[in-house]
Amino acid sequence: MCIRDSSSVAGGQDSVLIQFYYFDNDIWAWYWAVDDVTISEIPDNALEISQEVHGGWWEGYLTYGGDGYDYTFKPLTQMAANPYSFEAVLRNAGLAPQNTYLSVDVKDYTGTTVYSDVSNTLLLDLSYPQDTFVSNSTFSPSSVGVYDISMWGTGDSASTNIINLQTTVTDYIYGRDDDSPDGYWRVGRSCGGQVLGVKYDMYANETLYGIDVHVSDNSVVGTNMYAVLFEADLAGGDPIYLTQSDDHTITAADLGNWVTIPFDGGASLLDATGYVAAIGGYANPIDTFQVSVSGLSQGSCYIQDNGCDIGSGGFGYWYTTSEVPMLSLIHI
């Protein structure tokens, strides 16, 4: 716990007592131990950075549409209409006013700087201590590969730490996950066949030929699953069913790996439209499977509860998830 500023109640006092109080009406509760208490003065010059994005989550979506997600894998065909927009929240954590701006530097896989820019400068003081800063220009790479992004804030007499992000420009893969499993959602279960999905915004017309899914290694060989495509409801309702694939039977080689489930003939995707790429399963007491998750969601990642009572919404209810399911649009 950190109390940032107690000067309004403690300033100018000869002595101040700080009380720590713990209450729990459960007589069997564990106790709460307090140690290492430090009282320090707020520095004159301090600056903090947070909520860094490259997809336009705070401001860019107003220009380019969609929701401004940080796509970790982004095809060149989408890049031209929706370039990277670098944004972050800067906060003056000190007492002295700071004329503050955001800096951004992007390097390609060779370590060569391919983009560098700053935001407008704003005065952050005690009456207006933080704001969202946006780089003055966007960045639209012309070649595929991994790009390393560095972002930091600078003031008159202070600077933030440097934040490092990474994104990959692709030929045909559109993804939001970090490509490193850190958990899973159970989809095909004994209680019901759930549907797990991730929203993608289209900025150019495409043809979708399949969905990539990362199958958790806890899954049972022989389980059937299918890919399904929904259109996102602009009014905020449930995703609207469009089409689905044939069933795919999980093999031993699929466990812990990416699997491509194709759509026969492809599916047309229109620009200025949101789609939900999803994986569905069937109720079965033995043949069960899980889809891996990777990274924290900025929103619009879903699971439909079809009989497992994961919440109070009832059968068929769509819940949001805080993790990103590892489901990518491919060959668009």
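In this text, all values refer to a predicted model and were calculated from it rather than measured experimentally.

**Notes on the sheet that holds strand β22 (residues 323–325)**
Move 1: Taken together, three strands build an open sheet; the order of strands is β11-β19-β22 and the sheet is antiparallel. The open sheet has two free edges, formed respectively by β11 (184–188) and β22, since each of these has just one partner strand. Adjacent strand axes in the sheet meet at a mean angle of 40° when their direction is disregarded.
Move 2: Summarising the sheet, strand β19 (residues 289–296) and β22 pair through two bridges and their orientation is antiparallel. When the sheet's bridge partners are listed, Val 293 is paired in β22 with Pro 325.

**Some points on the environment of Tyr 184**
Move 1: If you trace the backbone, Tyr 184 turns up in strand β11.
Move 2: Separated by 116 residues in the primary sequence, Tyr 184 and Ser 300 place their C-alpha atoms 17 Å from one another.
Move 3: Ignoring sequence-local partners within four residues, the contact set of Tyr 184 consists of Ser 216, Asn 218, Gln 290, Val 291, Ser 292 and Val 293.

**As for the pattern of salt bridges**
Move 1: Applying the stated criterion to the full structure yields four salt bridges.
Move 2: One salt bridge connects Glu 48 with Arg 91, and the closest N-O pair in it is separated by 3.5 Å. In this pair, Glu 48 sits in strand β1 (residues 47–53) while Arg 91 sits in strand β3 (residues 87–92), placing the two residues 43 residues apart along the sequence.
Move 3: Judged by its relative accessible area of 30%, Glu 48 is partly exposed.
Move 4: Through salt bridges with shared partners, a single ionic network connects Asp 67, Lys 199 and Asp 201.

Calculation criteria
- Residues numbered from 1 in each chain as written.
- Predicted model: local features only at pLDDT ≥ 70, side-chain atom pairs only at ≥ 80, totals over all residues.
- Heavy atoms only, no water.
- Pairing = 2+ DSSP bridges.
- Helix = DSSP H or I, 4+ residues; strand = E, 2+ residues; numbered from the N terminus.
- Axes fitted to C-alpha atoms, helices over the stretch in contact; angles between N-to-C directions.
- Contact = heavy atoms within 4.5 Å.
- Salt bridge = Lys/Arg side-chain N within 4 Å of Asp/Glu carboxyl O.
- Buried < 20%, exposed > 50% of the residue type's maximum accessible area, 1.4 Å probe, protein only.

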